[in-house]
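Residues per chain, in single letters:
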Amino acid sequence: MTAVPLWVRLPARERVGWLRTVDHKAIGVLYIGMGVAFFAIGGLEALLLRAQLATPEERLLDPETFNQAFTVHGVTMILLAVVPLLVGFANYLVPLMIGAPDVAFPRLNALSFWLSLVGGIVLYFSFLAGGAPDTGWFSYAPLSERAFAPGTGVDYYILGLAVNGAGTIIGAINLAVTILLMRCPGMAISRVPLFVWMTLVTSVLILGAYPALTAALVMLLVDRQLGGHFFDPGGGGQAVLWQHLFWFFGHPEVYIMVLPAMGMISEVIPVFSRKPIFGYGFVAGSSVAIAFLSFGVWAHHMFAVGLGDTENAIFSATSMLIAIPTGVKIFNWIATMVGGRLRMTTAMLFAVGFIAMFVIGGLSGVSLAVVPIDLAVTDSYYVVAHLHYVLFGGTMLGIFAGTYYWFPKMTGRLLNEVLGRWHFWTTFVGFNLTFLPQHWLGAVGMPRRVFTYAASTGWGPLNLLSTIGAAILAIAMVIFFVNLVRSLRSGEIAGDDPWDAFTLEWATTSPPPPENFASIPAVTGRRPLWDRKHPELRDAP
Amino acid sequence: MIAVRPAIGTNRTLLGVAIFIASESIFFLAIVLAYVAYRDAGLATAKATLDIGRTAVFSVALFGSSGTMALAARAESGRWLAATIVLGAIFLTGQGSEYARLLGEGIGPGSALFGTTFFTLTGLHGLHVLAGLVALGALVAANRRRRRAVHPVAWEAVGMYWHFVDAVWVVVFSVVYLGTLL
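Procedures and definitions
Going along each chain's sequence as written, the residues are numbered from 1 onward. Each chain gets a letter, beginning with A, and each ligand a number, beginning with 1, in the order they are written. Local features are withheld for residues below a pLDDT of 70 in this predicted model, meaning they are given only at 70 or higher, and side-chain atom pairs are given and counted only at 80 or more; totals for whole chains, interfaces and linings count all residues. To get the side-chain values, take all heavy atoms of the structure and skip hydrogens and water. Take the buried Ala, Val, Leu, Ile, Met, Phe, Trp, Tyr and Cys residues and link them wherever side-chain atoms come within 4.5 Å; each set so joined is a nonpolar core. Partly exposed describes any residue whose relative accessible area lies between the buried limit of under 20% and the exposed limit of over 50%, with all areas from a 1.4 Å probe on protein chains only and scaled to the type maximum. Contacts: residue pairs with any heavy atoms within 4.5 Å of one another. Each salt bridge in this description consists of a side-chain nitrogen of Lys or Arg and a carboxyl oxygen of Asp or Glu lying within 4 Å of one another. Only runs of H or I of at least four residues qualify as helices and only runs of E of at least two qualify as strands under DSSP, and these elements are numbered from the N terminus. Simply put, the buried area is the total loss of 1.4 Å probe accessible area from both parts when two parts are fitted together. We define a polar contact as two N or O atoms separated by no more than 3.5 Å, with the added condition that, inside protein, one atom must be a possible hydrogen donor and the other a possible acceptor, whereas residues neighbouring each other in sequence contribute only through side-chain atom pairs. Under the scheme applied here, ten amino acids are nonpolar (Ala, Val, Leu, Ile, Met, Phe, Trp, Tyr, Cys and Pro), four are charged (Asp, Glu, Lys and Arg), and all others, including Gly, are polar. Ring pairs are drawn from Phe, Tyr and Trp, using the six-membered ring of Trp, whenever the two centres fall within 6.5 Å, and their geometry is named by plane angle: stacked under 30 degrees, edge-to-face over 60, tilted for the rest. Geometrically, a lysine NZ or arginine CZ counts as sitting over a ring once it is within 6 Å of the ring centre and also within 35 degrees of the ring normal. Our arc is simply the arc of the directions from the helix axis toward the C-beta atoms.

### Topic: the nonpolar core
For soluble globular proteins, nonpolar side chains are generally found buried alongside one another.
All names here are of chain A.
Then comes step 1: With 210 residues, the main nonpolar core has Trp 242, Phe 354 and Tyr 405 as its most contacted residues.
Then comes step 2: Apart from residues no more than four positions distant in its own chain, Phe 354 is found in contact with Val 258, Ala 261, Met 262, Ile 265, Trp 333, Gly 393, Gly 394, Thr 395, Leu 397 and Gly 398.
Then comes step 3: Among the nonpolar cores identified, the runner-up in size contains 13 residues, and Leu 53, Phe 66, Phe 70 and Trp 459 belong to it.

Below, the structure is given as structure tokens:
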């Protein structure tokens, strides 16, 4: 137990060594720091977008800047904020949860992080090099071809994403090998915490999906720099090939972003319900099912392309199938809470918020899997609302739950619960105010990615409401940052196990020593720490 | 005494390389699919310009190098490793001369769809061969400096990657070159 708020307890000679650290905890913190920084940048970009759309005929941003802002906002949030945040938590927690001293390849781990960060910097360097990419985060061809995007923005997009993706792929290899080969004695794969299961499934998704993106990026680079014709209809190429490759990556990417968050709340909910998770096998198995299905649904992003009724029907059906394993999980979490002694900490509030918001995002997702509905609202604000309910209402609330839950382990100090409650409720109100109205805006026909709209459309009031919501959301994030900084400096000392938790990461000090554990408890079940604290109530092996 | 050979199921490095290869396979699959999707558009050019016989000879060098690599890994032999490098270099020389000929005939990555897909697919494979040669070179250097310091797993790991590069060429040669015979 330390009174000094060191993020990671490194030996003295390495405290200056963030640049050369290979400790999985330090690298986890670096990833999280990268994610937080880019989350702030991406959030500011979102505020610019909302300010521009607050009223009709607004001229705060010119159209070119607006295009750059939404493109970079999307890429930033998905690849430079959410993925690093989740990978950071996985890096920090997975070895602790499975009783390992580190990941399988510590030096490779450092390489992953630095590649991911350099990829992000390359993308942002485009601003200095004559303009950021302005073709949307999925950068459809032929718009992204040189003829229509003559600047260097798209080239930086290609390089940035390829380098960032290489880091992510290497990181996934590392985590997968760690989980498969480095579990402590007794920690069978059927006993690892569900967050570890989700990390394993996510790693498999990364390894299957990211290479398709890399391949597409290479082809686009050949087109742009060597005069190739992959996506150039004038030269016999097909623009739709880009869409196939991109969404073969892009849809699994959604689960890459949401499964680890599901893993987080699968740790938080049992501890604050004082019960083991309901249906461990179903939570793990349904994730494998989601991963499997996620590679067969990509063309639901392409219903409007005109692939044909048969193709659309098949992809519609597979997309709807995903609702089944997802729904299974929702019931598992609710059943875990039923009959439990609930402790409504901030972490638990965010976890419950995740369930509520993710259900809305999931249901609007099912509605989008219905081809006629999709054709009516494709590329409209309905889609924007849907994806934000999944990625903010789902993933980000899950990450906040995880942050309140594991911050004490990483820093030795608790986050402030009063500020935490303010953070939760302002987030909840601000989020819904921002994105709920966008369902209606999309339904009445407001297209996404327009920099302004005429007053006669009648879209003004709902847009203003949405912008007010964004401002409240911004206040929520300020409260969160204040809480982070204050608690780091002077938060209540947490101790090893502030939540009376179940899993191994709480069996060591907060923060853990470089080697993680002085001694590892004998693992005979899914809740090793609980078993040690309550031998008379231990889970049946 | 029979030394226990490291296995993918228990050795971190080998499992890591195996997973990396699986991921790389998806990468090549995407590029090969793009080639196949555009095959018809480029078939006439491919039939007229690709030299199957000559490339087959150079391919044999690459296929053979998998054999020498297996021997090198089994015996931890620097000589067989050198043979592998030579065979890999012969293959790359062949590819280079093929490129020079095609470029001389005005067929490049920007000329038409065939050139775009051909140079991308074979070029990416060539880069992987080059990366493999670097890995083999590193192994040779380490083996020369301090033979005992080279971990047995290193031989296996580099060998796995080299066999993968070879296997990709089996697919690429079949799709690109033998495909013109169909």
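Having seen it, we continue.
### Examining the pattern of salt bridges
Residues and elements named next belong to chain A.
Then comes step 1: Counted by the stated rule, this structure contains 10 salt bridges over all chains.
Then comes step 2: Measuring nitrogen to oxygen at the nearest pair gives 2.8 Å for the salt bridge that ties Asp 155 to Arg 224. Placement of Asp 155 in helix H4 (residues 153-181) and of Arg 224 in helix H5 (residues 194-226) is noted, with a sequence separation of 69 residues between them.
Then comes step 3: Residue Arg 421 is joined to Glu 417 by a salt bridge in which the shortest nitrogen-to-oxygen separation is 3.5 Å. On the criterion of helical spacing, the pair formed by Arg 421 and Glu 417 is a turn pair, its members being four residues apart in helix H13 (residues 417-443).

### Regarding the interface of chain A and chain B
Then comes step 1: Taken together, the contacts link 30 residues of chain A with 25 residues of chain B.
Then comes step 2: When chain A packs against chain B, close to 2,100 Å² is buried across both sides, 78% of that on carbon and sulfur atoms.
Then comes step 3: Three residues, Leu 181, His 229 and Phe 230 of chain A, lead the burial of chain A against chain B; their summed loss comes to 24% of the area buried on that side.
Then comes step 4: Counting across the chain A and chain B interface gives zero salt bridges.
Then comes step 5: Where chain A touches chain B, the interface holds six residue pairs in polar contact (both at pLDDT 80 or more).
Then comes step 6: At the level of elements, H4, H5 and helix H6 (239-273) of chain A are the ones that each hand at least two residues to the side of chain A that touches chain B.
Then comes step 7: When residues in the side of chain A that touches chain B are grouped by element, the largest group, 11 residues, is from H5 of chain A.
Then comes step 8: By residue class, the composition of the side of chain A that touches chain B is 20 nonpolar, nine polar and one charged.

### Considerations on the packing of aromatic side chains
Then comes step 1: Enumeration over the complete set of coordinates arrives at 59 aromatic pairs over all chains.
Then comes step 2: Summarising the aromatic geometry, the rings of Phe 502 of chain A and Trp 530 of chain A are spaced 5.6 Å apart at their centres and angled 85° between planes, so their arrangement reads as edge-to-face. Placement of the pair is Phe 502 of chain A in the loop between helix H14 (460-490) and helix H15 (528-533) and Trp 530 of chain A in helix H15, with a sequence separation of 28 residues.
Then comes step 3: Judged by relative accessible area, which is 5%, Phe 502 of chain A ranks as buried.
Then comes step 4: Look at Tyr 161 of chain B and Phe 164 of chain B: their rings are 6.4 Å apart centre to centre, the planes differ by 50°, and that puts the pair in the tilted class. In this pair, Tyr 161 of chain B and Phe 164 of chain B both sit in helix H6 (residues 152-177), three residues apart, roughly one turn of the helix. An identical accessibility class is assigned to Tyr 161 of chain B and Phe 164 of chain B; each is buried.
Then comes step 5: Among the aromatic residues, those joined into a ring-pair cluster are Trp 137, Phe 138, Tyr 140, Tyr 210, Phe 230, Phe 231, Trp 242, Phe 246, Trp 247 and Phe 249 of chain A together with Tyr 38 of chain B.
Then comes step 6: Seen from the ring of Phe 138 of chain A, Arg 449 of chain A lies directly overhead, with NZ or CZ sitting 4.3 Å from the centre.

### Remarks on helix H2 (residues 39-49) of chain B
In an α-helix, one turn spans 3.6 residues, which is why side chains three or four residues apart end up on the same side.
Residues and elements named next belong to chain B.
Then comes step 1: Every buried residue of H2 is listed here: Gly 42, Leu 43, Ala 46 and Thr 49. Angular distribution of buried residues about the axis of H2 spans 155°; they occupy a single face of the element. Exposed side of H2, more than 90 degrees from the buried face: Asp 40, Ala 44 and Ala 48 are the residues found there.

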